[in-house]
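Below, each chain spelled out in residue letters.
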Amino acid sequence: MTSVGRLPWPGLWLMLALLMVGAVYLLAGLGPRADVVLPLRATRLAGMVVLGVAIAVATVLFQTVSRNRILTPQIMGVDALYILLQTGLVLVLGPVGFATLPVAGKFTLELVVMVLAALALFGTLLGRGSQDVARMILTGVILGILLRSLANLIARLMDPNAFAVVQAESVVSLTRLDAGLLPFAAAVTGLAAGLAVWLAPRLDVAALGRETAVALGLRHDGLVMLALALVAVLVAVATALVGPLTFLGLIVVALARPLAGSARHLPLLITASVLAVLMLVAGQLVFERVLRLQSALPAVLEGAGGVAFLWLLLKGRIR
Amino acid sequence: MIAVSDVHHHIGQAQILRDITLTLPAGKITALIGPNGAGKSTLLSLVARLTPLQQGQITVAGLDVQRAPSRELARTMAILPQNVAVFSRLRVRELVAFGRWPHHQGRPGPQDAAKVAAALHDMGLDDLSHRFLDQLSGGQRQRAHLAMALAQDTPWLLLDEPLAALDMAHARALMQTLARLRDSGKSIVMVLHEVNYAAAWADHVVALKAGRVLAHGTPETVFAPDVLGALYDTRLRVIRQDGRPLVLHHL
Ligand SMILES: Nc1ncnc2c1ncn2[C@@H]1O[C@H](COP(=O)(O)OP(=O)(O)O)[C@@H](O)[C@H]1O
Ligand SMILES: [Mg+2]
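Everything quoted here is computed from the prediction, not taken from an experiment. (Residues numbered from 1 in each chain as written. Chains lettered and ligands numbered in written order. Predicted model: local features only at pLDDT ≥ 70, side-chain atom pairs only at ≥ 80, totals over all residues. Heavy atoms only, no water.)

Examining the overall build of chain A
And then number 1: A tally of helices and strands in chain A yields 12 helices and zero strands.
And then number 2: Each helix (α) and strand (β) of chain A, taken in turn from the N terminus, gives the series α-α-α-α-α-α-α-α-α-α-α-α.
And then number 3: In chain A, 78% of the contacts between residues at least 6 apart in sequence involve partners at least 24 apart.
And then number 4: Accessible area of chain A: about 13,600 Å², with a carbon and sulfur share of 73%. (Helix = DSSP H or I, 4+ residues; strand = E, 2+ residues; numbered from the N terminus. Contact = heavy atoms within 4.5 Å. Areas by Shrake-Rupley, 256 points an atom, 1.4 Å probe, with all protein chains shown as cover.)

Details of the coordination of the magnesium ion (ligand 2)
Residue and element names in this part refer to chain B.
And then number 1: Distances from the magnesium ion (ligand 2) to its protein donors, Ser-41 (OG) and Gln-82 (OE1), fall at 2.0 to 2.2 Å. Highlighted residues: Ser-41 in helix α1 (residues 40-47) and Gln-82 in the loop between β6 (77-80) and α3 (92-97), separated in sequence by 41 residues.
And then number 2: For Ser-41, a relative accessible area of 25% corresponds to the partly exposed category. (Donors = N, O, S within 2.8 Å, 3.2 Å for Na, K, Ca; no water. Buried < 20%, exposed > 50% of the residue type's maximum accessible area, 1.4 Å probe, protein only.)

Considerations on the sheet that holds strand β8 (residues 187-191) of chain B
Working definition: the strands of a sheet are paired by backbone hydrogen bonds and lie parallel or antiparallel to each other.
All names here are of chain B.
And then number 1: The strand order across the open sheet built from six strands is β6-β7-β8-β3-β9-β10, with neighbouring strands paired in mixed fashion. One side of each edge strand has no neighbouring strand; the edge strands of this open sheet are β6 and β10 (212-217). In this sheet, neighbouring strand axes are inclined to one another by 15 degrees on average, regardless of whether the strands run parallel or antiparallel.
And then number 2: With four bridges joining them, strand β3 (residues 29-33) and β8 adopt parallel strand pairing. Its bridge partner being in β8, Leu-32 is matched across the sheet by Val-191.
And then number 3: Helix-sheet contacts for helix α6 (residues 138-151) involve β6 and β7 (156-160), and the interaxial angle to β6 is about 170 degrees. (Pairing = 2+ DSSP bridges. Axes fitted to C-alpha atoms, helices over the stretch in contact; angles between N-to-C directions.)

Here's the deal with the sheet that holds strand β5 (residues 63-64) of chain B
Residues and elements named next belong to chain B.
And then number 1: Strand order across the open sheet formed by four strands is β2-β1-β4-β5, with antiparallel pairing between neighbours. In this open sheet, the two strands that pair with only one neighbour each are β2 (14-24) and β5.
And then number 2: Judged from the two bridges that link them, strand β4 (residues 55-60) and β5 form a sheet pairing that is antiparallel. The partner of Thr-59 across the bridge, within β5, is Asp-64.

So, the packing of aromatic side chains
Both the distance between ring centres and the angle between the ring planes are used here to describe each pair of aromatic rings.
Residue and element names in this part refer to chain A.
And then number 1: Here the structure, examined in full by the defined rule, presents one aromatic pair over all chains.
And then number 2: Consider the rings of Phe-107 and Phe-184, whose centres lie 5.6 Å apart with planes at 70 degrees: the pair is edge-to-face. One end of the pair, Phe-107, is in helix α4 (residues 103-126); the other, Phe-184, is in helix α7 (residues 182-206), with 77 residues separating them in the sequence.
And then number 3: Residue classification places Phe-107 among the buried positions, given a relative accessible area of 2%.
And then number 4: Residue classification places Phe-184 among the partly exposed residues on the basis of a relative accessible area of 26%. (Phe/Tyr/Trp six-rings, centres within 6.5 Å; stacked < 30°, edge-to-face > 60°.)

Description of the side chain of Gln-74 of chain A
And then number 1: Tracing the backbone through its elements, the reader meets Gln-74 of chain A in the loop between α2 (34-66) and α3 (78-100).
And then number 2: Excluding its chain neighbours within four sequence positions, the residues that come into contact with Gln-74 of chain A are Ile-55, Asp-79, Arg-148, Val-235, Leu-245 and Thr-246 of chain A.

Observations concerning the interface of chain B and chain A
One widely used convention gives an interface's size as the accessible area the parts lose upon coming together.
And then number 1: Listed as interface residues are 27 residues of chain B and, on the opposing side, 27 residues of chain A.
And then number 2: In this assembly, chain B packs against chain A so that about 2,200 Å² is buried in total across both faces, 63% of it on carbon and sulfur atoms.
And then number 3: In terms of surface lost to chain A, no three residues of chain B exceed Phe-87, Phe-98 and Trp-101 of chain B, which account for 38% of the buried area on that side.
And then number 4: Scanning the region where chain B abuts chain A turns up zero salt bridges.
And then number 5: Taken together, the connections running from chain B to chain A amount to one residue pair in polar contact (both at pLDDT 80 or more).
And then number 6: Tallied by class, residues from the side of chain B that touches chain A come to 17 nonpolar, seven polar and three charged. (Buried area = accessible area lost by both parts, 1.4 Å probe. Salt bridge = Lys/Arg side-chain N within 4 Å of Asp/Glu carboxyl O. Polar contact = N/O pair within 3.5 Å; in protein donor to acceptor, adjacent residues only side chain to side chain. Nonpolar A, V, L, I, M, F, W, Y, C, P; charged D, E, K, R; others polar.)

Observations concerning the pattern of salt bridges
All names here are of chain B.
And then number 1: Inspection of the entire model under this criterion finds 15 salt bridges over all chains.
And then number 2: Linking Arg-100 and Asp-112 is a salt bridge whose minimum nitrogen-to-oxygen distance equals 2.8 Å. Linking Arg-100 in the loop between α3 and α4 (101-104) with Asp-112 in helix α5 (residues 110-122), this pair joins segments that are 12 residues apart in sequence. For the pair Arg-100 and Asp-112, one class covers both residues: buried.
And then number 3: Measuring nitrogen to oxygen at the nearest pair gives 3.3 Å for the salt bridge that ties Arg-180 to Asp-122.

Focus: the domain arrangement of chain B
Residues and elements named next belong to chain B.
And then number 1: Here the domain parsing of chain B yields domain 1 (1-76 + 155-169 + 180-220) and domain 2 (83-153).
And then number 2: Contact with domain 1, which involves 15 residues of that partner, is made by 13 residues of domain 2.
And then number 3: Summed over both partners, the interface of domain 1 with domain 2 comes to about 1,000 Å²; 57% of that surface belongs to carbon and sulfur atoms.
And then number 4: Taken together, the connections running from domain 1 to domain 2 amount to two salt bridges.
And then number 5: Elements with a minimum of two residues in the side of domain 1 that touches domain 2: α2 (70-76), β7 and α7 (168-183).
And then number 6: Looking at the side of domain 1 that touches domain 2, the element that brings in the most residues is α2, giving three residues.
And then number 7: Partitioning the side of domain 1 that touches domain 2 into residue classes produces 10 nonpolar, no polar and five charged. (Domains from an automatic or database assignment.)

What follows is the structure, given as structure tokens:
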């Protein structure tokens, strides 16, 4: 049931495509200063791999525990939690203190706080009592707006310097990518994605619904909490790397479901991850090299994702 | 056996079950009957730990339901809840295969495949096993969920209104399958909406009304006209057919 040998063909094709696009992104038109350009491109490519995997895995996990296929953690405001945390840190430490914090220590602390806060907020929302899906989504969305407004309010109370720091943190940009954070983000994402893959058979059972899963002996509520903790970590990584991306996960997972060729989580996690990275790299290739628009990709992806969200809503896929 | 002692259950202010003390015999078909809202489904989900126990104690084959490890519980009893909805888009065979989960935890072997095939066959799903669940009629889907419970192959089988969506041929086939399972040593507890299936097939009957046990025992004792009339608050006649009670309530 969990053998990678049964990987579906679309997944393999996607991987091949990704290898090719990745190679083109790295090597095409290097020019005379390859010694400078290549490491820069490699860093950006690695960043997109980490980002794509984090967003895809977080969205798959979140859709399973919320039993809803039109949600992303970001629609429910998990990233707003992270931005609020950042804003709070800037407020307490000041812009200089914030900027001089050691990256690994700061990020570890943020991850711990994120997991605890997400479990407290979303655990109750998605836990045992949440039979009413529409109400749960609405509560989540409002919670997200509340967290965002709170972060905004705090930011506006700050002096202009601090405000600028916070603003930079909450605007999406693939080029902003923090190279110092990258190794750490990659390790955390690898760990979380590995754990998700290990949990895949259990997630398959959880997707049968709470009653059936419990009847089959799954420790359902514990699994939901663990999945939510992983979501919090992955969303923190993605938001720290490039800023809040609300809809990318939605479009990626919606496309990956039919491509994965099965309702199982293992092929879905792999297909969605590869597809997310492929879309990011191919998109960045087109926008950066062909259209010469360095930073338009996130906006375009978000726009497309937003349209996909509306389309799924109107098609009545809300369940 | 299943031993229920001193169980009370409430939801908000509403008292759903009061002072339930019962033993359900092993190796028998036990029918749980009673009017809508009597608490039959609640009792079954308490026994299967789908709902946490608030007061009292329940043991199944010696396992304390409140404390037993999840996996051990799932290898002791299978339950088909009254309303099951599945989130994933699954084929019938995939759903039924999940019944083996408590035994293999993600690594199915050949004997698991054999049990799945047997359960599909018992529920008449051989020709439908590759269909997606959302391409089935209500009764066919009900049979798929039943097959999943059968594939779990547990000593105890708890079924909440398994006949609700079945036509008479499939209803009879299910009762025959259950009788065969009982004869092979399994214990079955089922909520039955139509009392005549209980009258014809059950070894033991429990009658619940307004959260209390009104009567329990053999079909002969529970299907006395005055007991049954009081249970459902309606006029009815009980005649005998092939040595079993037959309730005329639809006239
Ligand atoms: N969530 C709930 N809130 C309040 N009352 C409930 C709830 N669920 C069930 N009930 C009540 O509990 C009683 C027993 O329900 P149930 O066990 O499903 O009955 P049965 O299966 O015998 O028809 C009913 O009167 C029902 O209205
Ligand atoms: Mg019921």
